[in-house]
Amino acid sequence: LAKTTQPISMDSYEGQEVNITCSHNNIATNDYITWYQQFPSQGPRFIIQGYKTKVTNEVASLFIPADRKSSTLSLPRVSLSDTAVYYCLVGGPNAGNMLTFGGGTRLMVKP
Amino acid sequence: KAGVTQTPRYLIKTRGQQVTLSCSPISGHRSVSWYQQTPGQGLQFLFEYFSETQRNKGNFPGRFSGRQFSNSRSEMNVSTLELGDSALYLCASSPDGGRGNSPLHFGNGTRLTVT
């Protein structure tokens, strides 16, 4: 099982770009990297997923280097409503792999 | 499509009692996973059901159990409640369990308080 390591917390200001890096040194060949966002008293919400290189959607970008041992979630021009906990999750397609959430990164966006 | 629905939203129980939580997955999703979230331990995997069979189980005592019905709806049961069972219990569904390129879709959880 690929273990993930993320910073415990980060602070930013409105309008800035935020980059959160996740380390997953023992990622397996078939594993995908998925990021979730969670607000208090709500379930995590899917943000973005990737396998290699770069993925972009309407809310974020995900950068994955060639060795795939880390990944970086990039949030462009954050607002106060982006204050949340962000989780990096690594998992593969094989039945029997348990999905493990790490501690997450608590992002605080200040005005 | 309707999202993942968990009932009840809040629950207060007394130590020693038992509780049953319910989860209705997104239509067409065959996998349902359960997670416990506490301030101290974070999000911890309880178990996963796929097509009515338990496919994975986390490191929780036997007091925690679950099942899945033929319509993919799932229930989890906690017997002999302890104070430490107070937590937000989250249910997630996906077509295949969140593996590969199939992300998990979470409900907003059941907040269980044990007094």
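Structure first, text after, so check above.
Residues numbered from 1 in each chain as written. Chains lettered and ligands numbered in written order. Predicted model: local features only at pLDDT ≥ 70, side-chain atom pairs only at ≥ 80, totals over all residues. Heavy atoms only, no water.

The secondary structure content of chain A amounts to 0 helices and 9 strands. Counted from the first residue to the last, chain A has its helices and strands arranged as β-β-β-β-β-β-β-β-β. Taking 111 residues into account, the globule formula puts the C-alpha radius of gyration at 13 Å, and chain A, at 14 Å, falls close to it. Considering chain A as a whole, with its 111 residues, one finds that 45% of them fall into the buried category. (Helix = DSSP H or I, 4+ residues; strand = E, 2+ residues; numbered from the N terminus. Rg over C-alpha atoms; globule rule 2.2 N^0.38 Å. Buried < 20%, exposed > 50% of the residue type's maximum accessible area, 1.4 Å probe, protein only.)

A separate point is the overall build of chain B. Check the secondary structure of chain B and you find 0 helices and 11 strands. Going from the N terminus to the C terminus, chain B shows its helices and strands as β-β-β-β-β-β-β-β-β-β-β. What you see for chain B is a C-alpha radius of gyration of 13 Å, in line with the 13 Å of a compact globule of 115 residues. With the principal axes as the frame, chain B shows a C-alpha extent of 40 × 25 × 25 Å. Taking the intrachain contacts of chain B between residues at least 6 apart in sequence as the baseline, contacts between residues at least 24 apart amount to 55%. On chain B, roughly 5,100 Å² of surface is accessible, and the fraction owed to carbon and sulfur atoms is 47%. Taking the 12 positively charged and 6 negatively charged side chains of chain B as two groups, their mean positions are separated by 4 Å. (Contact = heavy atoms within 4.5 Å. Areas by Shrake-Rupley, 256 points an atom, 1.4 Å probe, with all protein chains shown as cover. Lys, Arg positive; Asp, Glu negative; His and termini not counted. Charge placed at Lys NZ, Arg CZ, Asp CG, Glu CD.)

Right, let's talk about the side chain of Ser-22 of chain B for a bit. Residue and element names in this part refer to chain B. Mapped onto the elements of the fold, Ser-22 is located in strand β3 (residues 19–24). Judged by relative accessible area, Ser-22 falls into the buried class, the value being 14%. Within polar-contact distance, the side chain of Ser-22 engages the side chain of Arg-73 at 2.9 Å. Sequence-distant contacts of Ser-22, defined by excluding residues within four places in its chain, comprise Thr-5, Gln-6, Thr-7, Trp-34, Arg-73, Ser-74 and Glu-75. (Polar contact = N/O pair within 3.5 Å; in protein donor to acceptor, adjacent residues only side chain to side chain.)

Another aspect to go through is the packing of aromatic side chains. The description of two aromatic rings rests on the distance between their centres and on the angle between their planes. Tallied over the entire structure, the rule returns 7 aromatic pairs over all chains. Ring geometry for Tyr-36 of chain A and Phe-106 of chain B: centres 6.0 Å apart, planes at 90 degrees, overall edge-to-face. Linking Tyr-36 of chain A in strand β3 (residues 32–38) with Phe-106 of chain B in strand β10 (residues 105–106), this pair reaches from one chain into another. Relative accessible area serves as the criterion here: at 11%, Phe-106 of chain B is assigned to the buried category. (Phe/Tyr/Trp six-rings, centres within 6.5 Å; stacked < 30°, edge-to-face > 60°.)

Okay, the sheet that holds strand β5 (residues 53–56) of chain A next. Residue and element names in this part refer to chain A. The strand order β2-β7-β6-β5 describes an open sheet built from 4 strands, whose pairing is antiparallel. Each end of this open sheet is capped by a strand with a single partner; those strands are β2 (18–23) and β5. Within the sheet, the average angular offset between the axes of one strand and its neighbour, ignoring direction, is 15 degrees. Note that strand β6 (residues 61–64) and strand β7 (residues 70–75) share 3 bridges and pair antiparallel. Paired with Phe-63 across the bridge in β7 is Thr-72. (Pairing = 2+ DSSP bridges. Axes fitted to C-alpha atoms, helices over the stretch in contact; angles between N-to-C directions.)

This is a description of form; function is not addressed.
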